[in-house]
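Coordinates in review
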Amino acid sequence: MVPEINYWAVLAATVSSMVVGSVWHTPKVFGTYWMRVANVDPSGEARDAVRPIVLTLVVSFVTAWVLAGATYLSWSFYGGGYLSNALLTALVLWAGFTAARFVTHDAFEGRPAGLTVLNVVHELVTLVVMGLLIGLITPAGV
């Protein structure tokens, strides 16, 4: 079975990742704390942000595409509502891959626990929003 993927949903989820990240990392939200504990010192030059932004777009597209495919497989196997499958799939993939890997890597790299929590929760919010969009935009009969 090849998953049916709604690419409009994938594109919306990709953009949502950029929106969540932009809000999350503003100084008035978590940006100041994140820069301090992650030892990030922005140059202030816009051109220095181009590569990370392009990379983030590509990676976010891949994440949204995988989430959309996994959601379709979950929905095909379990049945039920597409939105609930999208949200549950996002949560399971986050816990099993994203959160687990962040915790492991950060522990070995000696990163501050607060940074790990901040990044893990950021990824949770990102994946839940992606799942919400994929679940809402993809038609019920897929």
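What counts and how
- Residues numbered from 1 in each chain as written.
- Predicted model: local features only at pLDDT ≥ 70, side-chain atom pairs only at ≥ 80, totals over all residues.
- Heavy atoms only, no water.
- Core = buried A, V, L, I, M, F, W, Y, C linked by side-chain atoms within 4.5 Å.
- Buried < 20%, exposed > 50% of the residue type's maximum accessible area, 1.4 Å probe, protein only.
- Helix = DSSP H or I, 4+ residues; strand = E, 2+ residues; numbered from the N terminus.
- Contact = heavy atoms within 4.5 Å.
- Axes fitted to C-alpha atoms, helices over the stretch in contact; angles between N-to-C directions.
- Parallel < 35°, antiparallel > 145°, perpendicular 65-115°, else oblique.
- Left-handed = near helix turned anticlockwise from the far one by under 90°.
- Nonpolar A, V, L, I, M, F, W, Y, C, P; charged D, E, K, R; others polar.

- An unreviewed UniProt entry lists the protein under the name DUF1761 domain-containing protein, with Cellulosimicrobium composti given as the organism.

**A few points about the nonpolar core**
- Core analysis: the largest hydrophobic core is formed by 17 residues, its most contacted members being Leu 67, Leu 127, Met 130 and Ile 134.
- Elements supplying a minimum of two residues to this core: helix 1 (7-24), helix 3 (47-78), helix 4 (82-109) and helix 5 (113-137).
- When sequence neighbours within four positions are dropped, the list of residues in contact with Met 130 reads Ala 13, Thr 14, Ser 16, Ser 17, Ser 60, Thr 63, Ala 64 and Leu 67.

**A short note on the packing of helix 3 against helix 4**
- As a packed pair, helix 3 and helix 4 sit with axes 9 Å apart at the nearest point and diverge in direction by 120°. It follows that helix 3 is oblique to helix 4 by the angle criterion. In the crossing of helix 3 with helix 4, the sense of the turn from one axis to the other is right-handed. Contacts between helix 3 and helix 4 involve Leu 67, Ala 68, Ala 70, Thr 71, Tyr 72, Ser 74, Trp 75 and Tyr 78 on the former and, on the latter, Tyr 82, Asn 85, Ala 86, Thr 89, Ala 90 and Leu 93.
- Considered class by class, the residues forming the contact of helix 3 with helix 4 number ten nonpolar, four polar and no charged.

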